[in-house]
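As a plain string of letters, each chain reads:
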Amino acid sequence: MNNTSSLIQLVRRTRPSRLLLSTLVLFTLFSSVLGLLVPLQTKKLLEELGENGHFSNEQVVILIMVLVFSAVLAGLMTYIMGKIGNEQKLKLRGDLFQHLIRLPVSFFDNTRAGEPANRIVKDTEIIENLVSEQSVSFISGVVSLFGSFIILWFLDWQMTLVMLGAVTASFLIILPFSVRLTELSKSLQDTEASMLGRLTELFANIRLLRAQGAEKIEAKKNNNELKSLYKTAMSEHTLLATMGALVNLVIMASIVLVLGFGASRVANGAMTLGAFVAFIMFLLNIVLPMGQLSMVVAAFNKAKGAAVRINEILATTPENESGHTISLTDKSIYVRNLSFSYADDKPVFKSLNCEFLSGKTTAIVGPSGVGKSTLFALLQGFYQARRGYIEIAGLNVEELDRANLRAQIGYVAQESPLLCGTLYENLVYGAYEAIDDEQLQHAIATADLAEFIATLPDGLNTQIGERGITLSGGQRQRVALARALLKDPALLLLDEATASLDSQSEAAIQIALKNAKKGRTTIIAAHRLSTVMDADNIIVINKGEIESQGDHQYLMQHSSLYQSLVNKQFNLQAAS
Ligand SMILES: Nc1ncnc2c1ncn2[C@@H]1O[C@H](COP(=O)(O)OP(=O)(O)O)[C@@H](O)[C@H]1O
Ligand SMILES: [Mg+2]
């Protein structure tokens with residue numbers, strides 16, 4: 001699809017209101033006719049002045065009315081275009097957001113942090129600008145250009161020919177400049193977008209930058225990028241300045257030429273003074289829109305680029321939302337010949353077979369990078385298996401209704417994110433049903449959060465994040481655990497959830513978890529083994545395959561990898 005049809009498709013997608021569009025077309029035609037009437041009325045006025053020696057009141061009143069009407073119409077048109085453009089922006093932004101949050105997580109694996117926000121905020125703005133600011137210039141510019149030409153032709157075709165020559169010459173002079181300008185503005189936009197992405201990522205990781213002392217290197221990178229932006233911007237301005245000067249020269253020269261020619265025709269009686277003045281006014285009607293139209297072309301080109309980027313996102317297939325709805329309660333989970341890889345050449349699992357029995361606690365143990373988190377992602381339906389599948393209630397996880405599935409899974413990650421807002425909002429985030437106070441207190445107690453909340457100035461209503469207090473790693477994990485428990489999930493996934501806790505809070509959480517695990521299927525991923533020793537089954541994974549499985553006792557005797565992991569931990573503890 002080429003860029004222009006991409007833009008057209010996008011504009012049609014937003015279905016601008018027919019009523020507004022037809023009102024606009026009507027107003028535009030009306031106002032253009034009025035615009036053409038002004039010089040003609042002036043001509044009439046001047047000609048009467050020549051004949052009678054004074055202005056006729058009637059004609060003056062008509063001229064004033066035409067002027068006032070034009071002004072009112074122009075205002076209304078600007079308003080209507082602004083409304084159409086902003087309605088469009090509103091719809092596009094909403095659609096983009098809705099679409100983005102439904103894309104598979106793999107899309108975001110390959111997308112820079114600031115990019116989606118850039119599409120939603122900036123690219124929609126560029127398209128809105130074209131519609132609400134440039135389109136009025138475009139429509140009225142085109143009408144007044146052609147209208148003026150036609151009237152001028154009948155007014156004085158010889159002078160019109162002279163002017164046509166001048167206009168064509170200036171157009172030919174401007175053309176190569178505007179092509180180059182388009183290229184420059186595109187490269188400027190691309191560089192700015194990538195810079196925004198880099199800065200977003202950088203400031204989100206400011207601690208890393210400081211801790212690594214990367215200030216100098218980042219400043220250098222930043223300077224280089226700023227310099228290249230500056231260079232491009234200056235080339236753009238040099239071009240604009242040259243073009244401006246040339247255009248000025250050409251326009252002034254044409255005006256002088258046309259004026260001189262016209263004056264000589266007035267002098268030898270081939271043209272009336274009124275006609276001459278009207279001619280000059282029409283000339284302005286042609287020259288001014290030409291300048292505006294070059295802006296429209298620039299905005300149009302920008303909008304084409306934005307439309308391509310927006311359409312790219314809208315064309316990405318969202319996660320399948322339909323599927324079987326099932327209850328996970330009392331359902332065992334079977335992994336059957338599962339193979340999976342993120343990239344084609346590096347398999348994470350090769351034909352994995354294992355089971356997670358309902359109501360039991362299963363631990364997954366293995367060196368880091370072995371695929372524990374990946375398995376959890378697959379259980380939540382975030383990625384598609386290459387071969388094999390995960391079976392729940394006789395169905396492939398990929399055939400299940402994702403929302404229904406995830407509503408029944410409580411997931412706690414190794415480093416749980418918090419959002420800006422109150423502690424309460426963080427706890428009930430995405431609450432699937434209204435959460436009553438009893439449930440809330442129960443989850444808080446289970447996650448061992450009550451004592452912490454009591455120390456907060458506003459309790460549950462304390463602000464967290466950017467404008468509020470900062471939580472420690474352990475506190476975060478406990479908030480995440482409470483959040484997961486509030487869903488009363490049939491399946492609880494703990495992905496090294498206690499790895500960042502000190503051993504004291506970990507011990508507290510272990511007791512809490514014992515309660516939390518009751519009546520649920522629980523899967524714990526861990527490399528710290530104290531958390532998994534009492535699991536009903538422990539699966540040791542290595543190099544994409546199951547090395548062995550059994551309970552702690554069994555593995556201590558039969559798995560050398562498990563033994564070495566246990567020994568490593570005890571050595572660590574002894575050393576500390
Ligand atoms: N989003 C991703 N895209 C590409 N590769 C990934 C992604 N997440 C993890 N990996 C890779 O997959 C492998 C398993 O990672 P992970 O499941 O996080 O291991 P674990 O949780 O056991 O430490 C690693 O080699 C890791 O580099
Ligand atoms: Mg992990």
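As a reminder, the structure under discussion sits directly above these lines.
Given the structure is predicted, the values throughout are model-derived calculations rather than measurements.

1. Regarding the overall build of the protein chain
- Helix and strand counts for the protein chain stand at 18 helices and 12 strands.
- Here the C-alpha atoms of the protein chain give a radius of gyration of 36 Å, more than 25% beyond the 25 Å that 2.2 N^0.38 yields for 576 residues.
- With the C-alpha coordinates of the protein chain rotated into their principal frame, the extents come out at 120 × 50 × 50 Å.
- Element-wise, carbon and sulfur atoms account for 60% of the exposed surface of the protein chain, whose accessible area totals about 30800 Å².

2. Section: the site of ligand 1
- Ligand 1 sits among D109, Y342, K346, V348, S368, G369, V370, G371, K372, S373, T374 and Y383.
- Taking G371, its main chain carries an N or O atom lying 3.0 Å from an oxygen atom of ligand 1.
- Here ligand 1 has 560 Å² of accessible area as a free molecule, and 64% of this is covered by the chains.
- Looking at the shell around ligand 1 residue by residue, the class counts come to four nonpolar, five polar and three charged.

3. Looking at the pattern of salt bridges
- Applying the stated criterion to the full structure yields 22 salt bridges.
- With a closest N to O distance of 3.2 Å, E128 and K89 form a salt bridge. Of this pair, E128 sits in helix 5 (residues 115-155) while K89 sits in helix 3 (residues 57-100); the two residues are 39 residues apart in sequence, bridging distant segments of the chain.
- Between E115 and R119 there is a salt bridge, with its nearest N and O atoms 3.8 Å apart. One end of the pair, E115, and the other, R119, are both in helix 5, four residues apart, so they sit about a helical turn from each other.
- Put simply, K89, R93, E125 and E128 are held in one network by salt bridges that share partners.

4. With respect to the sheet that holds strand 11 (residues 537-542)
- What the six strands build is an open sheet, ordered 6-9-10-3-11-12; its pairing is mixed. Every interior strand has two partners, whereas the edge strands, strand 6 (409-412) and strand 12 (545-550), have only one. In this sheet, neighbouring strand axes are inclined to one another by 15° on average, regardless of whether the strands run parallel or antiparallel.
- As defined by bridge partners, strand 6 adjoins strand 9 (residues 491-495) across four bridges and the pair is classed as parallel. Bridging from a neighbouring strand, Y411 pairs with L493 of strand 9.

About the cut-offs
- Residues numbered from 1 in each chain as written.
- Chains lettered and ligands numbered in written order.
- Predicted model: local features only at pLDDT ≥ 70, side-chain atom pairs only at ≥ 80, totals over all residues.
- Heavy atoms only, no water.
- Helix = DSSP H or I, 4+ residues; strand = E, 2+ residues; numbered from the N terminus.
- Rg over C-alpha atoms; globule rule 2.2 N^0.38 Å.
- Areas by Shrake-Rupley, 256 points an atom, 1.4 Å probe, with all protein chains shown as cover.
- Near = heavy atom within 4 Å.
- Polar contact = N/O pair within 3.5 Å; in protein donor to acceptor, adjacent residues only side chain to side chain.
- Nonpolar A, V, L, I, M, F, W, Y, C, P; charged D, E, K, R; others polar.
- Salt bridge = Lys/Arg side-chain N within 4 Å of Asp/Glu carboxyl O.
- Pairing = 2+ DSSP bridges.
- Axes fitted to C-alpha atoms, helices over the stretch in contact; angles between N-to-C directions.

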